[in-house]
Amino acid sequence: MTEKKKIKRPSWDEYFMKAAFLVSERSTCLRRRVGAVLIKDKQILATGYNGAPMGVTHCDKVGCLREELKVPSGQRHEICRGLHAEQNVLLQAAKHGVSVRGSFLYITNAPCSICAKMIINAGIIEVIIADNYPDEMAKKFLKEAKVKLRKADIS
């Protein structure tokens, strides 16, 4: 008779957050590498990371204007040449005709207020983060819109 071995499987939070961290490795941002994974029914719908749009030179090649101007984290997003991971994950879903209504979003960092508004309007019901981001307005928007925000319980 063969001996049964107990296999250590990651929790769903661990699994999807690890996927978000793997996705973040594609980022070309010089300041913060962020990954996002959209989930519905325990299936990955789309992924996104922060970086310049397709066909636009990445920051790792031309430098970072926000860094050069010493802009604090969480400010002056409009002068950044990159899109946020949350924006890219929503755009990838849209590009491929995938509805994200009722989905969960795993992100390596909490969203900014601009991304929070997009998350709300996309119909995402829960945002799970690994780390915070200095934008209290984003948290207020999500709370007001009844989008659950929680830190992943991962080790």
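For the structure itself, consult the block above.
In this report, we go over the structure that sits alongside the text. Note that the structure is a prediction, hence the values are computed from the model and not measured.

### Structural notes on the packing of aromatic side chains
Any pair of aromatic rings gets described here by the distance separating the centres and the angle formed by the planes. Per the counting criterion, the structure on display carries four aromatic pairs. Measuring from ring centre to ring centre gives 5.8 Å for tryptophan 12 and tyrosine 15, while their planes differ by 80°; the resulting arrangement is edge-to-face. Here tyrosine 15 and tryptophan 12 lie together in helix H1 (residues 12-24), a separation of three residues that amounts to about one turn. Using a relative accessible area of 41% as the deciding quantity, one classes tryptophan 12 as partly exposed. Geometrically, the ring pair formed by tyrosine 15 and phenylalanine 16 is edge-to-face, given 5.0 Å between the ring centres and 65° between the ring planes. Tyrosine 15 sits in the partly exposed class, given a relative accessible area of 43%. Put simply, the rings of Trp12, Tyr15, Phe16 and Tyr106 touch in pairs and so form one group of aromatic residues.

### Points about helix H5 (residues 113-122)
Listed as buried for H5 are Ser113, Cys115, Ala116 and Ile119. Buried residues of H5, viewed axially, fall in a sector of 155°; they line one side. Against the buried residues of H5 lie helix H4 (85-95), strand E3 (104-109), strand E4 (126-131) and helix H6 (136-144). Of the residues trailing H5, glycine 123 is marked for its positive phi of about 85°.

### Remarks on the side chain of glutamate 86
Position of glutamate 86 among the secondary structure elements: in helix H4. The side chain of glutamate 86 sits in the buried core without any salt bridge; arginine 32 is the nearest counter-charge, 9.1 Å away. Every residue in contact with glutamate 86, bar those within four places of it in the chain, is listed here: Ala36, Leu105, Ile107, Asn109, Ala110, Pro111, Cys112, Cys115 and Ile119.

### A short note on the environment of alanine 85
Note that alanine 85 resides in helix H4. Taking the C-alpha atoms as reference points, alanine 85 and glycine 35, 50 residues apart in sequence, are found 5.5 Å from one another. Every residue in contact with alanine 85, bar those within four places of it in the chain, is listed here: Val34, Gly35, Ala36, Gly48, Tyr49 and Asn50.

### Some points on the side chain of serine 24
Note on placement: serine 24 falls in helix H1. Residue class for serine 24 comes out buried when judged on its relative accessible area of 7%. Other than its neighbours up to four places away in sequence, serine 24 contacts Arg33, Val34, Gly35, Tyr49 and Thr108.

### Focus on the pairing of strand E1 (residues 35-40)
Burial analysis of E1 places five of its six residues in the buried class, which makes it a mostly covered element. Here E1 pairs with strand E2 (residues 43-49) via six bridges, running antiparallel. For alanine 36, the partnering residue across the bridge sits in E2 and is glycine 48. Adjacent in sequence and paired antiparallel, E1 and E2 are bridged by two residues, among which aspartate 41 carries a positive phi angle near 55°. Sheet topology places E1 next to E3; four bridges connect them, and they run antiparallel. From the neighbouring strand, alanine 36 faces E3, where its bridge partner is isoleucine 107.

### Remarks on the nonpolar core
Counting 23 residues, the largest nonpolar core has Leu38, Val89, Leu105, Ile107, Ile119, Ile124 and Val127 as the members making the most contacts within it. Breaking this core down by element, the ones donating at least two residues are E1, H4, E3, H5, E4 and H6. Per-element tally for this core: the top contributor is H4, with four residues. When residues no more than four places from it in sequence are discounted, the contact partners of leucine 105 are Ala36, Val37, Leu38, Glu86, Val89, Ile119, Ile124, Glu126, Val127 and Ile128. Membership of the second largest hydrophobic core comes to 11 residues, among which are Val23, Val37, Tyr106 and Ala152.

Rules and cut-offs
Residues numbered from 1 in each chain as written. Predicted model: local features only at pLDDT ≥ 70, side-chain atom pairs only at ≥ 80, totals over all residues. Heavy atoms only, no water. Phe/Tyr/Trp six-rings, centres within 6.5 Å; stacked < 30°, edge-to-face > 60°. Helix = DSSP H or I, 4+ residues; strand = E, 2+ residues; numbered from the N terminus. Buried < 20%, exposed > 50% of the residue type's maximum accessible area, 1.4 Å probe, protein only. Arc of directions from axis to C-beta. Contact = heavy atoms within 4.5 Å. Lys, Arg positive; Asp, Glu negative; His and termini not counted. Salt bridge = Lys/Arg side-chain N within 4 Å of Asp/Glu carboxyl O. Pairing = 2+ DSSP bridges. Core = buried A, V, L, I, M, F, W, Y, C linked by side-chain atoms within 4.5 Å.

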